[in-house]
Amino acid sequence: VKMTRDARALLEQGKPEEAEKILRSVTSTFSKHHPAQFLLGVACEKLDRVAAAEAAYQKTLETRDAELKSQALTALAGLARCSRARRNSTRPKNG
């Protein structure tokens, strides 16, 4: 899908807001377009929208493409690590 390529280019140009708009349009029409779901996760992650990124990566896991599935799993693991680190950094220190 050309729109997905356009969104990827926008992400590479550091324009995640614009990419997200395109990818939301693509994924609302083609919910099983797993590459677009993955890129939506990337865009949301760059915008610090962790829950939306996680949801997009989870939808990507429905793919049969082993490489894309692996990328989504890696991204989800990264989100989990960041989430734990944030929780630990905002916890009050004892002592």
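Residues numbered from 1 in each chain as written. Predicted model: local features only at pLDDT ≥ 70, side-chain atom pairs only at ≥ 80, totals over all residues. Heavy atoms only, no water.

Would you mind showing me how to read the nonpolar core here?
Across soluble globular proteins, you tend to see nonpolar side chains buried next to one another. Counting residues in hydrophobic clusters, the biggest one holds 21 residues, and the most contacted among them are Leu11, Ala19, Leu23, Phe38 and Tyr57. Those elements that place two or more of their residues in this core are α1 (2-12), α2 (16-29), α3 (34-46), α4 (50-60) and α5 (66-90). Per-element tally for this core: the top contributor is α3, with 7 residues. (Core = buried A, V, L, I, M, F, W, Y, C linked by side-chain atoms within 4.5 Å. Buried < 20%, exposed > 50% of the residue type's maximum accessible area, 1.4 Å probe, protein only. Helix = DSSP H or I, 4+ residues; strand = E, 2+ residues; numbered from the N terminus.)

Looking at this structure, I do not really get the pattern of salt bridges. What am I missing?
Oppositely charged side chains may form a pair once their charged atoms are brought near each other. As enumerated under the stated definition, the model contains 4 salt bridges in all. With a closest N to O distance of 3.1 Å, Glu20 and Arg24 form a salt bridge. Remark: Arg24 and Glu20 occur in helix α2; sequence separation between them is 4 residues, near one turn of the helix. On the accessibility criterion, Arg24 (38% relative accessible area) is partly exposed. Between Lys32 and Glu62 there is a salt bridge, with its nearest N and O atoms 3.2 Å apart. Residue Lys32 is found in the loop between α2 and α3, and its partner Glu62 is found in the loop between α4 and α5; the two are separated by 30 residues along the sequence. (Salt bridge = Lys/Arg side-chain N within 4 Å of Asp/Glu carboxyl O.)

What should I look at first to understand the environment of Val50 in this one?
Along the chain, Val50 turns up in helix α4. Residue Val50 is classed as partly exposed on the basis of its relative accessible area of 27%. Along the backbone, Val50 and Ala72 are 22 residues apart, and their C-alpha atoms lie at a distance of 14 Å. With near-sequence residues (within four places) excluded, Val50 lies in contact with Leu79 and Arg86. (Contact = heavy atoms within 4.5 Å.)

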